[in-house]
Amino acid sequence: MPTSMVHPITALTPELEVVLKEDTDRRLVNLVATNINTRYARSSSQLSDFRLAIEDKDVQNDESVLSDFRRLVLPADYDSYRPFYEKFHSGPCRLSEVEDMLAPGLPVHIPLSSSTSGKKCKQFAKYFRSQPYTGGPSPLRVAVTSLIYTFAYRDPVDVVTDSGEVVRRIPLYNESTGILRALNDWSIETDDTRMASILPGQVTPWATGFIIHHRSFLLIHALFTLANPSVEGITMTFVVTFMDMVHRIREEWSTLISSIRNGTIPDFEQIDHVRTYLQLNMHADPQRADELQQIGPPLSFPGWAQRVWPSLKLLTGICSGAFAAQLPQIRSVLGPNVAIHNPWYICTECLIGRNLNSDDTETFVVSTNDLIEFLDMTGDPTHRGVLQAWDLRPGNLYQPVSTTQDGLWRYLIDDIIQVVGFDPRNGLPVFRYSRRKNLEIRLPHALVTDADLLSVVYGFSGEDTVKVEEFTTVVDDRTFPLTLGFLVSITGDIGPNAKLARQKAFTALAATSEEHQIAFDANEIDFPTIRIVKPGTFADYRRWRGEIMNIGVGQIKLPTVLSDPKAQEWMVERVMTEL
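Here is a short report on the structure shown in this document. (Residues numbered from 1 in each chain as written. Predicted model: local features only at pLDDT ≥ 70, side-chain atom pairs only at ≥ 80, totals over all residues. Heavy atoms only, no water.)

The helix and strand inventory of the protein chain stands at 19 helices and 23 strands. The C-alpha radius of gyration of the protein chain comes to 25 Å, within 12% of the 25 Å expected for a compact globule of 579 residues. In terms of principal-axis extent, the alpha carbons of the protein chain reach across some 75 × 65 × 50 Å. With 579 residues in all, the protein chain has 56% of them scored as buried. Restricting the contact set of the protein chain to residue pairs at least 6 apart, pairs at least 24 apart contribute 67%. On the protein chain, roughly 24,400 Å² of surface is accessible, and the fraction owed to carbon and sulfur atoms is 49%. Here the protein chain holds 55 positive side-chain charges and 71 negative ones, and the gap between their average locations is 2 Å. (Helix = DSSP H or I, 4+ residues; strand = E, 2+ residues; numbered from the N terminus. Rg over C-alpha atoms; globule rule 2.2 N^0.38 Å. Buried < 20%, exposed > 50% of the residue type's maximum accessible area, 1.4 Å probe, protein only. Contact = heavy atoms within 4.5 Å. Areas by Shrake-Rupley, 256 points an atom, 1.4 Å probe, with all protein chains shown as cover. Lys, Arg positive; Asp, Glu negative; His and termini not counted. Charge placed at Lys NZ, Arg CZ, Asp CG, Glu CD.)

Here it is as C-alpha cells:
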C-alpha cells in the first residue's frame, strides 16, 4: 500500500500553473486537429463560428486557435448530437454516411447510457484510443479476482458499402464492458475462443459474462466465487452489485452449497445458452461445501466475507456519491481488513477523474485523457462562464464540460462537482462529487438536491430507528401538505425509536436550508415519509429496469430521485411497511 498521501494544495504555484496551461493547450490543439474535419464539426451549428474563425489557420501551430475555441464554442447537450448518433441506427448503416461522423474512421463500439431519469437511454459512439481509459492505481496487488462484469452485447450495427459489403460490425454494450474489452483486446470476433475458459487470474468462466438474466448472472458469479477459497479481489462497476450478490447468496445458500458439493450447475433461469461452458468448469468439492456450511450464509455475522475468503483483501467498484450509502453495510460484510477501492469518476460520455489517494473513495483528480473544462455554477450558463483548470477556486461548485477524442465538443456533463484544491504533482484540479444536476426534487418552496437527500438519510438512519441500505425518493402527495417520500431498504430489524425517524429526517432536511423550516411552520410541507420496501426490491428494480431499457447487467443504477411514474408505481407496490 502507498506509504505517502497526496494532500491537495489550495493555490497553484507559478511553476505549476505554467505546466498546467501547457499541458491543457497541447491537449486542446490535438483534439481540434483530430476532429475538426469530421461530419459533426463540418455541419454542426455549435461549431459554425469557430470553423469560420480558423478556416485559414494552421491549427497545430497558430495559438489563436485556442482563444477562438474558448471564445466561440458554446457548451452543448445531448440534443446537439442526437441526429448524428441516430445515423448509426437508420439502417442500412452505409459507410458513405457514417465514416468520420464524430471522430476519424468508425466507432469501435456504441455504449448505452444507463439514464436514471426515466427517459430513453442515450447512445454515444466510442472510437479507437491508443491509450484506453484506466482507473487510478490499485492499492494492493491481487492475484485471484472475481470479475463481476457483463460481456454481452446487442446485435451489432453492420456498416456496409454501397454494394452491401459489411466492413465493420459495431457492438452495442455498456461503457464499462467496452473499456474492459479495449484494455484486454477482447473483441467480439474472438469471444468463442474464450467461452469455455476461466481466464488467468479470474475465478468465473468467460461464459458467465453472457448471462443477461440479472438474478442468474449474480448467482452464477456467486457460485464460482464461493467455490474458490483463494479469492483475493472482487471487482465490479458499482459496489451495489456486491450487495445484490450477497443478498442472492443468502436466498439460494442451500442450492449453492449443494452445487459446490456435487459439482453441478443449478437450474437457474436463462442460462441454457452457456450451461455447457459453465459445467466444464464446475467440479465437485465436498470439503469446500463443508467449510461454507460451517461458516453459514451472509449477513448472519460481521466480517462474513473474510471468513469465506481468508485471502480477500480488495473490493473495487464505484462507491462515491449516492453509492456511498451502502458502504457501512458493505464494510460490515467485508470486515475491517478488506480495502475498498474507488478507481475513478467516470460516466458514459468520458472519464472525468481518477482517485487521488487509494484509500479515499470520495476525492478525485481530473483526468488528462480528454479535455475537462468547468462551467461556473455561480455565473450565467453561457460560454463566458466556462473556466479553465487554473481559474478554479477551491470550495466552489462547477459543472464539468468535456471535449473528447470521441468527438464531443464542450459537452455538458450532468454532474456538479466541488473543487477542493490542486494536485501538488501536476496542478490538476482535485474535486469531490456534489450532486447530479438534474436529479432534484422540487417542492413548492425549494429545490432539494440529491446531496441534500443523502444528508437526510444519514440523519434518520441508525440502530435505534432503521439502518438504511439503499434508498430512492419521490414527492409524496398522498395527503396534504405534500412532502418528501423516502423508499428505503433496510438491514436488520426496525429499531425501538423508529417512530422518531420522520422527525429526525425533517431535522436533517431543515439543516440543509432554513426554507424548509419556514415552509413547515407555514404548513406547506410535512415531515418526510419513510416507506420500507421488501428485501431484494432494489436489486429487482435494477433487473426490471435493465430489461425494459435493454441495458446490460451491472449498468443500471438506482436513482436518488425516482421521477418516472411507471417506476414509482412499480416501487410502491413493493412497500412492506411505513414508519
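There is more to say after this.
Spatially, the 4 strands line up as an open sheet ordered β3-β6-β7-β8, and their pairing is parallel. Sheet topology places β3 (145-148) and β8 (339-341) at the edges, where each strand pairs with a single neighbour. For this sheet the average axis-to-axis angle between neighbouring strands, irrespective of direction, equals 15 degrees. Here 3 bridges tie strand β7 (residues 314-318) to β8, and the two strands are oriented parallel to one another. Directly across from Leu315, in β8, lies its bridge partner Ile340. Contacting β3, β6 (233-238) and β7, helix α9 (residues 240-251) crosses the sheet at an angle of about 115 degrees to β6. Along the sheet face, helix α14 (residues 327-334) touches β7 and β8 and points at about 140 degrees away from the line of β8. (Pairing = 2+ DSSP bridges. Axes fitted to C-alpha atoms, helices over the stretch in contact; angles between N-to-C directions.)

By the definition in use, this model includes 30 aromatic pairs. For the pair Tyr78 and Phe124, a centre-to-centre distance of 5.3 Å together with 70 degrees between the ring planes defines the contact as edge-to-face. Of this pair, Tyr78 sits in the loop between α4 (64-72) and α5 (82-86) while Phe124 sits in the loop between β2 (110-111) and β3, and the two are 46 residues apart along the sequence. Each member of the pair Tyr78 and Phe124 is classed as buried. (Phe/Tyr/Trp six-rings, centres within 6.5 Å; stacked < 30°, edge-to-face > 60°.)

Let us look at the pattern of salt bridges. Taken as a whole and assessed by the stated rule, the structure comprises 32 salt bridges. When salt bridges that share partners are traced, they join Arg215, Arg248, Glu251 and Glu252 into one network. (Salt bridge = Lys/Arg side-chain N within 4 Å of Asp/Glu carboxyl O.)

So, about the environment of Gly546. With respect to the helices and strands, the residue Gly546 is situated in helix α18 (residues 537-549). Between the C-alpha atoms of Gly546 and Lys557, which are 11 residues apart in sequence, the distance is 9.4 Å.

A word on empty space enclosed by the protein. Using the criterion set out here, one finds 5 cavities of 30 Å³ or more in the structure. Considered as a void within the structure, the largest cavity measures approximately 80 Å³ in volume. Considering the residues around the largest cavity, the lining is formed by Thr24, Arg27, Val366, Ser367, Leu371, Ile372, Glu373, Phe374, Gln388, Ala389, Leu428 and Pro429. If you list the elements that add at least two residues to the lining of the largest cavity, you get α1 (14-35) and β12 (371-376). With 4 residues, the single largest contributor to the lining of the largest cavity is β12. Grouping the constituent residues of the lining of the largest cavity by class yields 7 nonpolar, 3 polar and 2 charged. (1 Å grid on protein atoms, 1.4 Å probe; cavity = no way out; pocket = protein on both sides within 12 Å on 5 of 7 lines; lining within 4 Å. Points joined across faces, edges and corners; volume = space filled by probe spheres on them. Nonpolar A, V, L, I, M, F, W, Y, C, P; charged D, E, K, R; others polar.)

Let us now look at the environment of Val166. Checked against the element boundaries, Val166 lands in strand β5 (residues 166-173). In this structure Val166 comes out as partly exposed when scored by relative accessible area, which is 42%. As for Val166 and Cys93, which are separated by 73 residues in sequence, their C-alpha atoms are 9.7 Å apart. Excluding residues that lie within four positions of it along the chain, Val166 makes contacts with Asp158, Val159 and Val160.

Treat this as a map of the structure, not an account of what it does.
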